[in-house]
Amino acid sequence: MSAYIIAIRDETTDAEGMAAYSAAVGAARRPDMKALAANGRVEALEGAPAEGVVLLEFPTFEDAKAWYDSPAYQAAREHRLGAATFRFLLIQGL
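Predicted model, so just to flag it, every value in this text is computed and none were measured. (Residues numbered from 1 in each chain as written. Predicted model: local features only at pLDDT ≥ 70, side-chain atom pairs only at ≥ 80, totals over all residues. Heavy atoms only, no water.)

In total, this model carries five salt bridges according to the counting rule given. A salt bridge links arginine 87 to aspartate 10, with the nearest nitrogen and oxygen atoms 2.8 Å apart. Here arginine 87, found in strand 4 (residues 84-92), pairs with aspartate 10, found in strand 1 (residues 3-12); they are 77 residues apart in sequence, far enough to count as distant. With a shortest N-O distance of 2.7 Å, arginine 30 and aspartate 32 are connected by a salt bridge. Salt bridges sharing partners connect three or more residues here, namely Arg30, Asp32 and Asp63. (Salt bridge = Lys/Arg side-chain N within 4 Å of Asp/Glu carboxyl O. Helix = DSSP H or I, 4+ residues; strand = E, 2+ residues; numbered from the N terminus.)

Have a look at this one:
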């Protein structure tokens with residue numbers, strides 16, 4: 001059953017840190033993940049607005065969690081921490 005990671009960027013506080021994150025996160029890509037949306041036009045229909053949203057699809061919940069916990073992603077994540085306020089959600093598909 002597919003699973004999805006939804007990354008919601010609420011506020012950027014360090015553009016250089018986010019640029020470093022963007023450059024580093026590419027090294028964490030896996031062949032079994034699919035980017036369905038990435039920082040395109042976003043409109044908050046209810047609730048707080050977001051600066052950007054990324055939607056990633058994985059074959060399973062475990063695959064998505066393994067990607068997030070991977071050394072490659074965790075190394076990229078270090079650039080993001082303190083550079084922006086994010087919410088990351090992992091959700092199982094239908």
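Having seen it, we continue.
Turning next to helix 1 (residues 15-25). Here helix 1 has its buried residues at Gly17, Met18 and Tyr21. Looking straight down helix 1, one finds that the buried residues subtend no more than 95° of arc, so they occupy a single side. Turned more than 90 degrees away from the buried face of helix 1 sit Ala15, Glu16 and Ala23, all of them exposed. Packing partners of the buried residues in helix 1 comprise strand 1, helix 3 (71-80) and strand 4. Sitting at the head of helix 1, aspartate 14 places a side-chain oxygen 3.1 Å from the backbone nitrogen of glutamate 16. (Buried < 20%, exposed > 50% of the residue type's maximum accessible area, 1.4 Å probe, protein only. Arc of directions from axis to C-beta. Contact = heavy atoms within 4.5 Å. Polar contact = N/O pair within 3.5 Å; in protein donor to acceptor, adjacent residues only side chain to side chain.)

Take the packing of aromatic side chains next. For the structure shown, the criterion picks out eight aromatic pairs. A centroid spacing of 5.8 Å and a plane angle of 55° characterise the contact between tyrosine 68 and phenylalanine 88, whose relative ring orientation is tilted. With tyrosine 68 in helix 2 (residues 61-69) and phenylalanine 88 in strand 4, this pair connects stretches of sequence that are 20 residues apart. When its relative accessible area of 22% is taken as the criterion, tyrosine 68 is described as partly exposed. (Phe/Tyr/Trp six-rings, centres within 6.5 Å; stacked < 30°, edge-to-face > 60°.)

Moving on, we get to the packing of helix 2 against helix 3. Taken N-terminus to C-terminus, the directions of helix 2 and helix 3 make an angle of 55°; their axes are 5 Å apart at the nearest point. The pairing of helix 2 with helix 3 is recorded here as oblique in orientation. Along the contact surface, helix 2 presents Trp67, Tyr68 and Asp69, while helix 3 presents Pro71, Tyr73, Gln74, Arg77 and Arg80. Looking at the contact of helix 2 with helix 3 residue by residue, the class counts come to four nonpolar, one polar and three charged. (Axes fitted to C-alpha atoms, helices over the stretch in contact; angles between N-to-C directions. Parallel < 35°, antiparallel > 145°, perpendicular 65-115°, else oblique. Nonpolar A, V, L, I, M, F, W, Y, C, P; charged D, E, K, R; others polar.)

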